[in-house]
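Descriptive structure summary
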Amino acid sequence: MGRHGWYSGAGRWRLTALLGVGAAVVALVVALVNALPGGASSEGTTRDGAKVHGTPVTPRDADEPYVGWGFTHTQFSADEGSAAATDRVEGLLSKGGGPPQNQAIMGWGADNPEPVKGRYDFAALDRRVDFMRKSGGVPVITLCCAPDWMKGGKAGVDNTDWSQSALETAPTPDHYKDYAALAATVARRYPDVRHFLVWNEFKGFWNNARARWDYEGYTELYNLVYRALKKVDPKIMVGGPYLVMDSVDPRQKENASTTLRGPWGAMDQRVLDAFGYWNTHKAGADFVVVDGSSYTKDDELLPNEFAATDKLTAVGRWVRQQTHGLPLWWAEYYVEPADGNDDRKGWPEAHRVAVQAAGLIAMVKGGASSGFYWNPEEEKGTDCPGCLWTPTGSAAGGRALPMYDLLSRFDKAFPPGTTYETVPIAPDDVPNVRVLASAKTVLVVNTLNRPISAQVDGRRFDMGAYAVKWLER
């Protein structure tokens, strides 16, 4: 979710709190300057949103349509907290160049970037971009979500509606060009950000009347944004459609694909139709972006949590075939169903890491070259299942957790362009392990909740329950 109840605090003049006529006059002038027709306050905003922020750095792979395996910053991340903890994460990430990092322009830690048309507030986004620069990760920006005035709400710094329903509302068609202009402003402000994802999960683009995705509306917005970004810099890389690749029980008939299916389920045909329309009518794309889970829309892991990750391979191969080999990104990927609070805390960490490793292997086998893990930390506490590091709110925080070890090692061992090899696996081990190998590294995952003795790539070794093992060749 986005940051709730944001309030700038500093610099707010309140007439009733001022003493003396002179002070009252000053306050009145300030109020008049910062109030626009209709009562929309622009206090704390600036007109120079397109002004280059900070000191841009040229990231690695700046001109490549891939970035590797990294994470997305969400509401709580290491740009804020104890200086000791944030420095610790910064140092952790900067080792070896650091994994790529993704950030939305509104919500998930970023404030409303344009609360009034032509008036900008990039303070929170500036801070996230600064952190990405300092920690050495390739910066990626997701162009979501939209200021209230673009989607039927009120303009003004105090009128941002941070409810989930409001955040997930798309711009209205008469404001598509305004959103494209905002995207261009963001690109000019951060010239070292060369990779942009257009929107997020088709949020707000559901056509109730037709009970399907409004793929025409999304594609119109995408094309306007694509052209606006290319006008800023032709070298900017743009990708979409960031669809959720939902699947259903394989026995389901309604909305179930008859062609893209497997033991893990059947793809929702409405998603495939939306993808097909975008793919046919897009103005262009430097890479293709999808999002999804290994489990079905009803949270079923079929036939089990490890075999369910085969869906990620099947979807990846289908997408690559449809786009004639465009580089494939997974903007989000999930292998553990969430509870009613959208938390994923049901598995022990070893189990979670093992299934995540199987998911990464499955995405690579489907042709993916980039992916982003969602939600690196929680606000506080010591219990942080699936987090990348401990919360940075205290000086003791910012310490790497098992999921970070998996993600960072995977990014370094299997960067884009890796040539993958088939290695021998003992026949009795084939059902029990998942393996990914390059000329230098072999990743082995034990899918069983018990120790095994495995033979992979000519070597025999013991593995604990749900163990993840790295072999150097």
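Described in the following lines is the structure provided in the data block. If you're wondering where the values come from, they're calculated on a predicted model, not measured in any experiment.

Below, the discussion takes up the overall build of the protein. Along its length, the protein carries ten helices and 18 strands. Rg of the C-alpha trace for the protein: 23 Å, near the compact-globule value of 23 Å for 473 residues, within the 12% margin. Dimensions along the principal axes, computed over C-alpha positions, put the protein at roughly 90 × 55 × 40 Å. Partitioning the intrachain contacts of the protein with sequence separation of at least 6 by distance along the chain shows that 71% fall at a separation of at least 24. With the model as given, the accessible surface of the protein reaches about 19,500 Å², and the carbon-plus-sulfur share is 51%. Between the centroid of the 51 positive side chains of the protein and the centroid of its 56 negative side chains there is a distance of 3 Å.

Below, the discussion takes up the sheet that holds strand β2 (residues 101-104). Adjacent strands of a sheet form backbone hydrogen bonds with each other and so pair up, either parallel or antiparallel. Strand order in the closed barrel formed by eight strands is β1-β2-β3-β4-β7-β11-β12-β13, with parallel pairing between adjacent strands. For this sheet, the mean inter-axis angle between neighbouring strands, taken without regard to orientation, is 25°. Sheet strands in contact with helix α8 (residues 310-322) are β11 (287-293) and β12 (328-334), and its direction is about 155° off that of β12. With respect to the sheet, helix α9 (residues 349-365) is in contact with β1 (69-72), β12 and β13 (368-374), its orientation differing from that of β12 by roughly 155°.

Right, let's talk about the side chain of N112 for a bit. Relative to the helices and strands, N112 is located in the loop between β2 and α3 (123-135). At a separation of 3.1 Å, a polar atom in the side chain of N112 contacts the main-chain amide nitrogen of E114. One polar contact links N112 to T160, side chain to side chain, over a distance of 2.9 Å.

The next point concerns α8. What sets the pattern is the α-helix's 3.6 residues per turn: residues three or four places apart point alike. Between its terminal C-alpha atoms α8 stretches 19 Å, which fits the 18 Å expected from 13 residues at 1.5 Å a residue. Taken as a whole, α8 has its buried residues at K311, L312, T313, V315, G316, W318 and V319. Of the residues trailing α8, H324 is marked for its positive phi of about 55°.

Further remarks concern α9. Along its 17 residues, α9 runs 24 Å from first to last C-alpha, staying within 8% of the 24 Å computed at 1.5 Å per residue. Summarising burial for α9: 14 of the 17 residues are buried, a large majority. Of the residues flanking the end of α9, it is G367, one or two places downstream, whose phi is positive at about 100°.

Here three strands make up an open sheet; going across it, the order is β8-β10-β9 and the pairing antiparallel. The open sheet terminates on both sides in strands that have one partner only, identified here as β8 (247-248) and β9 (256-262). Here helix α7 (residues 269-281) sits on the sheet and contacts β9 and β10 (265-268); the angle it forms with β10, its principal contact strand, is near 45°.

Each disulfide consists of a covalent bond between the sulfur atoms of two cysteine residues. Under the counting rule described, the total for this entry stands at two disulfides. Two residues share a disulfide in this structure: C144 and C145, whose sulfurs sit 2.4 Å from each other. Across the S-S bond linking C144 and C145, the dihedral sits near 60°, which makes this disulfide right-handed. The class of C144 is buried, set by a relative accessible area of 0%. Here C384 engages in a disulfide with C387; their sulfurs sit 1.8 Å apart. Negative torsions about the S-S bond denote left-handed disulfides, and the value of about -65° found for C384 with C387 makes this one left-handed. Should the bonded cysteines of the protein be numbered as they appear in the sequence, the pairing reads 1-2, 3-4.

The rules behind each value
- Residues numbered from 1 in each chain as written.
- Predicted model: local features only at pLDDT ≥ 70, side-chain atom pairs only at ≥ 80, totals over all residues.
- Heavy atoms only, no water.
- Helix = DSSP H or I, 4+ residues; strand = E, 2+ residues; numbered from the N terminus.
- Rg over C-alpha atoms; globule rule 2.2 N^0.38 Å.
- Contact = heavy atoms within 4.5 Å.
- Areas by Shrake-Rupley, 256 points an atom, 1.4 Å probe, with all protein chains shown as cover.
- Lys, Arg positive; Asp, Glu negative; His and termini not counted.
- Charge placed at Lys NZ, Arg CZ, Asp CG, Glu CD.
- Pairing = 2+ DSSP bridges.
- Axes fitted to C-alpha atoms, helices over the stretch in contact; angles between N-to-C directions.
- Polar contact = N/O pair within 3.5 Å; in protein donor to acceptor, adjacent residues only side chain to side chain.
- Expected span 1.5 Å × (residues − 1).
- Buried < 20%, exposed > 50% of the residue type's maximum accessible area, 1.4 Å probe, protein only.
- Disulfide = S-S within 2.5 Å.

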